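Each chain is listed here by its residues.
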Amino acid sequence: MTSEVKPDRATREPARYDLRALHVFTLCGFAFTVPILTAFARQPVYIYDQQFGWTEIGGLLIGLTICLPLGFVLADRLAQAISKRLRGWGRNIVFFGLFLLVLLSIIRPYASAPWIALSGFAGYLMVLLALCGAALAVLLYEKFSGMRLWLTIAAVGLVVFPGVFLRQFSAIRQSELKADQIVVATHPTHVVMVVFDEFSGTTLLNDRMELDARRFPQFARLAKIATFYRNATTVHPRTTVAVPAILSGRFPVTDLPPLPASYPGNLLQTIQATRAFDMAVFEPVTRLFQQQAHHRKSQQTALQKTDGLIRALSTIYLRLIITEDLPITLPAIPREWSPVDKSEMEVDGKQGTEERFNYAEVIDRPLQLAQFLNCIKPSVRPRFTFLHVELPHVPWVFLPTGEQYVHEANCDYPAGAVGGLGEDWLIDPPTIHRNEFRYRLQVGFVDRFVGRLLDRLVETNVLDRCLLIITADHGVSFRPGHSRRLPDADNLADIASVPLFIKQPGQKEGRIDDRNVQSVDIFPTIAESLGIELSEPVDGIPVSQERRPPRKTLYFEGSITDIEPDLPQRRAAVLRQYELFGHDNLDHTPPSIATHPEWHGRPIASFVVEREPAHATLIDPFRDRSLGTDSRMTGVETSRSFLKGEFEGSELPERPAELIVTVDGVVRDSGMTFQLSGSRQGFEFLLPKSLIQNASNIVQLYLVN
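In what follows, the accompanying structure is described. Fair warning: this is a prediction, and the values are worked out from it, not measured in the lab. (Residues numbered from 1 in each chain as written. Predicted model: local features only at pLDDT ≥ 70, side-chain atom pairs only at ≥ 80, totals over all residues. Heavy atoms only, no water.)

## Digging into the overall build of the protein
Check the secondary structure of the protein and you find 17 helices and 21 strands. Taking all 705 residues of the protein together, 55% fall into the buried category. Of the contacts formed within the protein by residues at least 6 apart in sequence, a portion of 75% connects residues at least 24 apart. Summing over all exposed atoms, the protein offers an accessible surface of approximately 31900 Å²; the carbon and sulfur share of this is 57%. (Helix = DSSP H or I, 4+ residues; strand = E, 2+ residues; numbered from the N terminus. Buried < 20%, exposed > 50% of the residue type's maximum accessible area, 1.4 Å probe, protein only. Contact = heavy atoms within 4.5 Å. Areas by Shrake-Rupley, 256 points an atom, 1.4 Å probe, with all protein chains shown as cover.)

Following this line, the structure appears as structure tokens:
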């Protein structure tokens, strides 16, 4: 006796729930497994730092590929049972929800495009498109067997997606290498190396293509005892690739994760393998320094790590399907997700001579600099002291004096920038030029640190005998309508050019070298100076060799850009800076960034004031919006000279609107508002510190008719 299979009312086909369940599993794979594992695999440093093992990863995959889909299968069975009482209505509600999530994850990256990100309705448009697409997908699933066949065939992804991820995870796990090889250094000496971040070498030059000693006196002081490689360039515009290229001496033909196994025999591993140096390594982004196993032993149980992993991925997943302009409060991204190491700092170095310093939970860049300087000390045994610091990288919050004028949490992305990382400048020259002014102020802060570094080297009697290298990973550009970090024909010199100063042991006189030098040349130069025979091949050439490559090379996203060896675009980039900022001191507001510099210094009484000063929502520069607390950095002087806020578009006669700022009744600045999301308009004014002496100063905003 055989039972008759009743036809499905919606599809008029025999009801095969085992096949329908397979389709639920397939859709769960596209809705959850693919986006989550893709985002997870792009965080190799997070995986490396958290020391996830097969137990945690196995639990994650079981949850994503079995438990979660089973929950949706049960929900679908329940929806079918209920729909029988509603004449079929709601029968495919689970399928509709899964199609919706799939489409949201597909559409979400396009919502960051500048033309839609600033509209204020990017999130609503994305949801509307996804809703329409999900409804159409459900209709196709009901009416067309081809759609169901496609989901059946696509079920192969249930094995492929996790398999690809497991292969990537296995490669990351193999980064735990044993550094048992001994390398000989025939000329060991003190080495001090500083790698700044997002610092264009063109910034240091004046209109005569000379080091600007007036604005950057400490770099000029350094140039008197070191070789200034004025034509130095990076080989990649991304930190996670550019820094490993510096430390490995190899071109980034492919973008590898910044882990020890990806760059065997790199500078940090080589110095460690000589066993001839005490080491202090401050590296917040990459993990090329092979720590001893007991230094990396996790204090968490597998259950705790799994719980933390699930919480982190849940938070990230919401951002993969939802834009921030929707009226939904998204949970904060876990701090450990960022590649910047923010675990507790060990300042005493008692665990031995090989130490990698981790940074405090709040990124306190002045503290990083102070701790680095404390690690430079007199000793008979050579010391290798390395610092990679995110300066003058955004956020731009420091004056040349070292004072901080805004909390970093209040300026995640620069004004006038859009895109997933806030790297795409809008066509808004006044706003972009104000950002460049703040960047140059922060370069002044970097210059001040260089002076402190030289003072410390003199104080510890290390300067004369040390090998000193100061450089940057890549440059930065401030051209309206172009990217801050991604190279093109117009901004190439800004991004490719990097500062490079090398003082050899015993060198007492400075000189300028304009030969073709690239960042990959630094590691072989250090090895040559220390008398180290490299165990791994490198692409770089020691700067001592007269033979230089016939061209410069810049790698990015699988493409290679060949550049003339003398970087002909550099002069035009420097002259552009001169046209904007002239020869004025760093802290002098340049007339080029003001709309009416001729008004500055005039009393407001000399104007016709039609209404009261403009009312705007002001943002306290030292109130951490994520914490709701005052968040001044410990031991850092602060300045109240930064004015930041926003208007609702309905309050303005036109957009953008022109504003003037008065201090005690005198015009001190003038500028335009810039577009935020929707109809909102923002403004930022950085006033000279001399104008804001105390709380009694009256600062007012006026709209210009």
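## Topic: the pairing of strand β16 (residues 642–647)
Of all six residues in β16, six are buried, a share of seventy percent or more. Alternating positions in β16 separate into two faces, Phe642, Lys644 and Glu646 on one and Leu643, Gly645 and Phe647 on the other, with burial throughout. As judged from the six bridges shared by β16 and strand β20 (residues 681–686), these two strands associate in the antiparallel manner. For Phe642, the partnering residue across the bridge sits in β20 and is Leu686. (Pairing = 2+ DSSP bridges.)

## Details of the sheet that holds strand β18 (residues 666–672)
Whether parallel or antiparallel, the strands of a sheet pair through hydrogen bonds between backbone atoms. An order of β18-β17-β21 is seen for the three strands of this open sheet, with the pairing classed as antiparallel. The sheet is open, and its two borders are formed by β18 and β21 (699–703), each paired with just one other strand. Neighbouring strand axes in the sheet, compared pairwise and without regard to direction, differ in orientation by 25° on average. Note: strand β17 (residues 658–663) against β21, five bridges, orientation antiparallel. What sits directly across from Val661, in β21, is Leu701. (Axes fitted to C-alpha atoms, helices over the stretch in contact; angles between N-to-C directions.)

## Some details on the packing of helix α14 (residues 429–459) against helix α17 (residues 569–581)
Running from N to C, α14 and α17 point in directions that differ by 100°, and their axes come no closer than 12 Å. The angle between α14 and α17 falls in the class roughly perpendicular. Along the contact surface, α14 presents His433, Glu436, Phe437 and Arg440, while α17 presents Arg576, Gln577, Leu580 and Phe581. When grouped by side-chain class, the residues that make up the contact of α14 with α17 number three nonpolar, two polar and three charged. (Parallel < 35°, antiparallel > 145°, perpendicular 65-115°, else oblique. Nonpolar A, V, L, I, M, F, W, Y, C, P; charged D, E, K, R; others polar.)

## Some words on the environment of Leu60
Locating Leu60 in the fold gives a position in helix α3 (residues 54–84). A relative accessible area of 8% places Leu60 in the buried class. Along the sequence, Leu60 and Leu309 sit 249 residues apart, while their C-alpha atoms lie 8.2 Å from each other. Contacts of Leu60, omitting those with residues within four sequence positions, involve Leu37, Phe40, Leu309 and Leu313.

## Concerning the side chain of Thr274
In this fold, Thr274 is placed in helix α11 (residues 267–274). In contact with Thr274, other than residues within four places in its own chain, are Val183, Ala185 and Ile532.

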